[in-house]
Amino acid sequence: FNEAERLGHLVKTKSTNETYLLSSGSATFTFGTVDLTSPAARDWFARVIRCDMLGDASACLPNQAVAEPVDGWMCDFGEYLPFLDIRLNGSSSPWTAHNV
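Procedures and definitions
- Residues numbered from 1 in each chain as written.
- Predicted model: local features only at pLDDT ≥ 70, side-chain atom pairs only at ≥ 80, totals over all residues.
- Heavy atoms only, no water.
- Disulfide = S-S within 2.5 Å.
- Buried < 20%, exposed > 50% of the residue type's maximum accessible area, 1.4 Å probe, protein only.
- Salt bridge = Lys/Arg side-chain N within 4 Å of Asp/Glu carboxyl O.
- Pairing = 2+ DSSP bridges.
- Helix = DSSP H or I, 4+ residues; strand = E, 2+ residues; numbered from the N terminus.
- Lys, Arg positive; Asp, Glu negative; His and termini not counted.
- Polar contact = N/O pair within 3.5 Å; in protein donor to acceptor, adjacent residues only side chain to side chain.
- Contact = heavy atoms within 4.5 Å.
- Core = buried A, V, L, I, M, F, W, Y, C linked by side-chain atoms within 4.5 Å.
- Patch = residues over 30% accessible without salt bridge, like charges linked within 9 Å, V, L, I, M, F, W, Y side chains within 5 Å.
- Areas by Shrake-Rupley, 256 points an atom, 1.4 Å probe, with all protein chains shown as cover.

Enquirer: Give a description of the state of the cysteines that names residues and reports values.
Expert: Throughout the structure, instances matching the rule amount to one disulfide. Across a sulfur-sulfur distance of 1.9 Å, Cys 51 and Cys 60 are joined as a disulfide pair. Handedness here is read from the sign of the S-S torsion; for Cys 51 and Cys 60, about 105°, the answer is right-handed. Cys 60 shares its class with Cys 51; the two are buried.

Enquirer: Describe the pattern of salt bridges, with residues and values.
Expert: Applying the stated criterion across every chain yields a total of two salt bridges. Residue Arg 50 is joined to Asp 56 by a salt bridge in which the shortest nitrogen-to-oxygen separation is 3.0 Å. On the basis of relative accessible area, Arg 50 is assigned to the partly exposed category, the value being 37%. Here Asp 56 falls in the partly exposed class, since its relative accessible area comes to 27%.

Enquirer: Outline the pairing of strand β3 (residues 26-31), supporting the account with residue identities and numerical values.
Expert: Judged from the three bridges that link them, strand β2 (residues 22-24) and β3 form a sheet pairing that is antiparallel. Bridging from a neighbouring strand, Ser 23 pairs with Thr 30 of β3. Between β2 and β3, which pair antiparallel and follow one another directly, the connecting turn spans one residue, one of which, Gly 25, has a positive phi of 85°.

Enquirer: With reference to specific residues and values, describe the side chain of Asp 35.
Expert: Summarising the element assignment, Asp 35 is placed in the loop between β3 and α2 (39-53). In this structure Asp 35 is buried but unpaired, with Arg 87 as the nearest side chain of opposite charge at 6.2 Å. At a separation of 2.4 Å, a polar atom in the side chain of Asp 35 contacts the side chain of Thr 37. Dropping the residues within four chain positions of it, Asp 35 is found in contact with His 9, Leu 10, Val 11, Ala 41, Arg 87, Leu 88 and Asn 89.

Enquirer: Could you give me a rundown of the nonpolar core, with the residues and numbers involved?
Expert: Among the nonpolar cores identified, the biggest contains eight residues, and these are Val 11, Tyr 20, Leu 22, Phe 31, Leu 81, Ile 86, Leu 88 and Ala 97. The next biggest cluster of nonpolar side chains, apart from the first, holds six residues, and it includes Leu 10, Val 34, Trp 44 and Val 48.

Enquirer: Which residues make up a nonpolar patch on the surface, and what values go with them?
Expert: Judged by side-chain polarity, Phe 83, Leu 84 and Trp 95 come together as a nonpolar surface patch covering roughly 340 Å² of accessible area. Relative to the assigned elements, Phe 83 resides in the loop between α2 and β4 (86-87).

Enquirer: Please provide a residue-by-residue account of unusual backbone geometry, values included.
Expert: With phi around 60°, Asn 17 is a residue other than glycine that occupies positive phi space. You can see Asn 17 is positioned in the loop between β1 (12-13) and β2. Its identity is not glycine, yet Asp 85 carries a phi of approximately 55°, on the positive side.

Enquirer: Account for the environment of Asp 85, naming residues and giving values.
Expert: Here Asp 85 is to be found in the loop between α2 and β4. A polar atom in the side chain of Asp 85 sits 2.9 Å from the backbone nitrogen of Ser 15.

Here it is in C-alpha cells:
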C-alpha cells in the first residue's frame, strides 16, 4: 500500500484527489485499489506479482527479492472499485472500468 500510494498508483477521489480508501469487514481494515487504467500502475503491479508472489528475482528492485514465492493469492477484488467520486487515470468511466 505505502509504495503504491507513494507512486500514485491508487484510485483517487475526484473531490479531494486523495487516495480513495475502502473498508471490508470492519472500519479498521482499510485499503486502496490499484488504478489499473494507468499503464504505469499496471507495470508496477506486474513487477510486484513477479517479484513478491512468483519469486522472480529479475523483477525485484535491489535488495527486495523474497525468499520463497507464495503458495496462493486472492486477487479478485474488482468489485470494490467505487462508482462515485473517483478519478481514474484512463478515460474509462468508473462504471465501465468496474466491469472490466
